[in-house]
Amino acid sequence: MAEGAAVVSAESDGGGDLGTVEPERGVAPIKPQYLTTKEQFHEFLEAKGQEKPSQESETVDPAGNDLAEPEAKRIRLEDGQTEDGQAEEAAEPGEQLQAQKRARGQNKCRPHVKPTHYDKNKLCPSLVQESAARCFYGDRCRFLHDVGHYLETKPADLGPSCVLFETFGRCPYGVTCRFAGAHLGPEGQNLVREGLVQAPPVRNGLDKALQQQLRKRKIHFKRAEQALRQLSRGPLPGPTPEATVPEGREAEGAPGQDNCDIQLAPQELDTVGPPSGPLRTCGPLTDEDVVRLRPHEKRRLDISGKLYLAPLTTCGNLPFRRICKRFGADVTCGEMAVCTNLLQGQMSEWALLKRHPCEDIFGVQLEGAFPDTMTKCAELLNRTIEVDFVDINVGCPIDLVFKKGGGCALMNRLAKFQQIVRGMNQVLDVPLTVKLRTGVQERVNLAHRLLPDLRDWGAALVTLHGRSREQRYTKLADWQYIEQCVAAARPMPLFGNGDVLSYEDANRALQTGVAGVMIARGALLKPWLFTEIKEQRHWDISSSERLDILRDFTHYGLEHWGSDTQGVEKTRRFLLEWLSFLCRWDGAAGRWGGPGTVCGEPQPNLIPATLAHRYVPVGLLERLPQRINERPPYYLGRDYLETLMASQKATDWIRIRCPGTEALGDRGIDDLVGLG
């Protein structure tokens, strides 16, 4: 522990015997010598920091209330003004209290404006890509063509070295890179370093030709329409080949027979398949070219006993999945993608399907409420991307999805649910999986009744989150009920999900008979959790190692989103989303909160806090392991950075980002990303 931390800790021990105080229920048990008070905690951070917090960053008002929220979210009722700045008449005390209640919570008046500053003084892509041909638009082009003028208006570089140039030997962003000084020649030319590896291709991108045809609705889904017509006549008797293949088409897919029109219209075949998909050639035929897998011949999904990283909305992006793969995750899944957005060719939605070469077992998760859109989307993805399985989201609890009939709502819409599963299973050549919760209402479990049906409908695997929709992320996951569902699902494998934060939690989960464990919030809190489970140990990771993980995330983010201004902004955004994903104890609500925003929808009664704040280092705990529903009290870490990461104040998180502080030196997050 740092010398200053030991002094403050000794002073706090002198003020009261902390060793005799029993930890509160729901509070992480930390060794007495590290415990401190709120006042001493912040005094220590201010004393060790090189600069005192400014007047604007003070988060305690004269009345003693902790106002750790940003300035824009603070309640401005003391000066008798409304949010729009107009004066209002004095109200009764009861009315003021009611107005205060209304003011807290969701900030629905915040502007939702798409940033437009990226287009200001933006260089023409033909110059960025160093194309030999002239710009197609000529004088009508709305972008700059004067590189000298662009360099004059371009903001200063964010750092002396470019991650892309150092890693791959060439930065594709050229002069627009925010670290361009590292790879620009004296005349502004983009330098290339010979001998380094080429950037690995990221698969499952959206082809421009396919995007155009999706937007113009020129793609015909033959197999999906056939399956939907069959489902409309009545429920299918089972997932057997005879039931899923219509009469007269039993020889479909036999060698030598052209069955291309079953997937997409003939005129679309040459344009809808990007290079990542199976290519149609004039050379020798392969089994993949001519043989269509039947339901009983589908590739099997054998992931029993493997560690499965959950599909995490917003935070489960490709750079974060790379972090988890490095620490031992076996199976990864993309973020939840809305099927209607995919069918419309939205680039932002297709970006959720991208797959890094290190993801050897990878799936995508689809969300939808109707059989036609889900089946057509499944057929489209079956043709155009490379995945090992497709997952149906039947566990999303948010109102934005639930009120439209998707997510958890499918558990109460059995007819539609059955048609979705059967239709998707009929058009997919890869296994179909389902992720669901215990039910919609807290004390009304539905999963045990649905699991036998899902097995008969053709699902290859089901993942069960041990909470209902009403619970969201409150209380503990019901693993006893998951154990009951294992018997109901046999012989279909069932994965369990909920509250796994240590290898002991994973061992107890496997004792219920589940085929494997899916890890969600535990991976956000401790990406190294996969290593702990595989090595059956507690990893007392240091604060510098935790900072290195953030550095690697930012490097992966710049590789994925780019090193120009827009890419840097995206890297910053998703880094902060990861850091602020979890929530600390909400005293007013009396419960643990879940994610602050899901699908862009703010969740009520949630107080933002850092990911680092929820984690308590192993060496500081009096009892192992830490449980996911335990909040840490105020404590002083073994060094300044560890203490700074334990703070609940956003103003202290900024100190992690600022270079020049003691303990960080030049290794602050700003220097790791260049987000000064």
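Taking an unreviewed UniProt entry as the reference, the protein chain is identified by name as tRNA-dihydrouridine(47) synthase [NAD(P)(+)] belonging to Bos mutus grunniens. The UniProt entry for the protein chain carries the following comment under Sequence similarities (unreviewed entry): "Belongs to the dus family. Dus3 subfamily." In its Cofactor (unreviewed entry) section, UniProt records this for the protein chain: "FMN".

## Considering the UniProt feature "zinc finger region: C3H1-type" (unreviewed entry) in the protein chain
As annotated in UniProt, the feature "zinc finger region: C3H1-type" (unreviewed entry) corresponds to residues 118–148 and 161–186 in the numbering used here. The distance from the first to the last C-alpha atom of residues 161–186 is 16 Å, and the span holds 23% helix and 0% strand.

## Notes on the environment of R443
Structurally, R443 can be placed in the loop between strand 5 (432–437) and helix 18 (447–457). What makes R443 exposed here is its relative accessible area of 73%.

## Quick look at the pairing of strand 7 (residues 494–497)
Of the two faces of strand 7, both are covered, the one formed by L494 and G496 as well as the one formed by F495 and N497. The pairing of strand 6 (residues 461–465) with strand 7 spans four bridges and is parallel. Across the sheet, V462 pairs through a bridge with L494, a residue of strand 7. Since strand 6 and strand 7 lie parallel, the crossover through helix 19 (residues 479–489) that links them has a hand, and here it is right-handed. Note on the crossover from strand 7 through helix 20 (residues 503–510) to strand 8 (residues 516–519): the handedness is right-handed.

## Let's talk about the environment of Q626
Looking at the element boundaries, Q626 is found in the loop between helix 25 (611–614) and helix 26 (640–645). Leave out the neighbours within four places in its chain, and Q626 touches L501, R614, Y615, V616 and L621. A polar atom in the side chain of Q626 sits 3.2 Å from the backbone nitrogen of V616.

## Structural notes on helix 8 (residues 222–233)
Helix length check: helix 8 (twelve residues) gives 17 Å between terminal C-alpha atoms against 16 Å at 1.5 Å per residue, within 8%. Here helix 8 has its buried residues at R223, A224, Q226, A227, L228, Q230 and L231.

## Some details on the confidence of the model for the protein chain
Mean pLDDT over the protein chain: 75, with 67% of residues reaching 70 or higher. Low pLDDT (under 50) marks residues 1–20, which in the prediction has 32 contacts with non-local residues, meaning those over four places away or in another chain.

## Here's the deal with the packing of helix 12 (residues 318–326) against helix 23 (residues 543–561)
Between helix 12 and helix 23, whose axes approach to 8 Å, the crossing angle comes to 135°. With respect to helix 23, the element helix 12 is oriented oblique. Of the two possible hands of crossing, helix 12 and helix 23 adopt the one that is right-handed. Residues L318, P319, F320, R322, I323 and R326 of helix 12 lie in contact with helix 23, whose contacting residues are I549, D552, F553, Y556, G557, E559, H560 and W561. Within the contact of helix 12 with helix 23, the residues separate by chemical class into eight nonpolar, two polar and four charged.

## Describing the packing of aromatic side chains
By the definition in use, this model includes eleven aromatic pairs. Ring centres of Y308 and F389 lie 6.0 Å apart, and the angle between their planes is 80°; on these two criteria the pair is classed as edge-to-face. In this pair, Y308 is assigned in strand 1 (residues 307–309) and F389 in strand 4 (residues 389–394), connecting sequence segments 81 residues apart. Judged by relative accessible area, F389 falls into the buried class, the value being 0%. When the ring of F320 is compared with that of W578, the centres are 5.2 Å apart and the planes differ by 70°; the resulting orientation is edge-to-face. With F320 in helix 12 and W578 in helix 24 (residues 565–579), this pair connects stretches of sequence that are 258 residues apart.

## Side note on the packing of helix 17 (residues 414–427) against helix 18
Packed helices, taken two at a time, are described by the angle their axes make and the gap between the axes. One way to put it is that helix 17 packs onto helix 18 with a least axis distance of 9 Å and a crossing angle of 30°. Between helix 17 and helix 18, the angle falls in the class roughly parallel. Crossing geometry of helix 17 relative to helix 18 is assigned as right-handed. Contact residues: L414, F417, Q418, V421, R422 and N425 in helix 17; L450, L454, D456 and W457 in helix 18. Split by residue class, the contact of helix 17 with helix 18 holds six nonpolar, two polar and two charged.

## Some thoughts on the pattern of salt bridges
Evaluated as defined, the whole model comprises 26 salt bridges. In this structure, D548 and R551 form a salt bridge, with 3.8 Å as the shortest nitrogen-oxygen distance. Of this pair, D548 and R551 both sit in helix 23, three residues apart, which is roughly one turn of the helix. Classification of R551 by relative accessible area gives partly exposed; the value is 29%. Between R627 and E630 there is a salt bridge; the shortest N-O distance is 3.5 Å. Classification of R627 by relative accessible area gives partly exposed; the value is 42%. For E630, a relative accessible area of 7% corresponds to the buried category. The structure contains a network of salt bridges with shared partners spanning R326, D548, R551 and D552.

## Focus: unusual backbone geometry
Here R490 and P491 are connected by a cis peptide whose omega angle stands at 5°. Mapped onto the elements, P491 comes out in the loop between helix 19 and strand 7. The peptide bond linking L624 to P625 adopts the cis configuration, its omega dihedral lying at 0°. Mapped onto the secondary structure, P625 falls in the loop between helix 25 and helix 26. Despite not being glycine, T314 shows a phi value in the positive range, around 75°.

Basis of the calculations
Residues numbered from 1 in each chain as written. Predicted model: local features only at pLDDT ≥ 70, side-chain atom pairs only at ≥ 80, totals over all residues. Heavy atoms only, no water. UniProt positions renumbered as here; feature names shortened; annotations may be inferred. Helix = DSSP H or I, 4+ residues; strand = E, 2+ residues; numbered from the N terminus. Buried < 20%, exposed > 50% of the residue type's maximum accessible area, 1.4 Å probe, protein only. Pairing = 2+ DSSP bridges. Right-handed = clockwise from strand over helix to strand, strands pointing away. Contact = heavy atoms within 4.5 Å. Polar contact = N/O pair within 3.5 Å; in protein donor to acceptor, adjacent residues only side chain to side chain. Expected span 1.5 Å × (residues − 1). pLDDT = per-residue confidence, 0-100. Axes fitted to C-alpha atoms, helices over the stretch in contact; angles between N-to-C directions. Parallel < 35°, antiparallel > 145°, perpendicular 65-115°, else oblique. Left-handed = near helix turned anticlockwise from the far one by under 90°. Nonpolar A, V, L, I, M, F, W, Y, C, P; charged D, E, K, R; others polar. Phe/Tyr/Trp six-rings, centres within 6.5 Å; stacked < 30°, edge-to-face > 60°. Salt bridge = Lys/Arg side-chain N within 4 Å of Asp/Glu carboxyl O.

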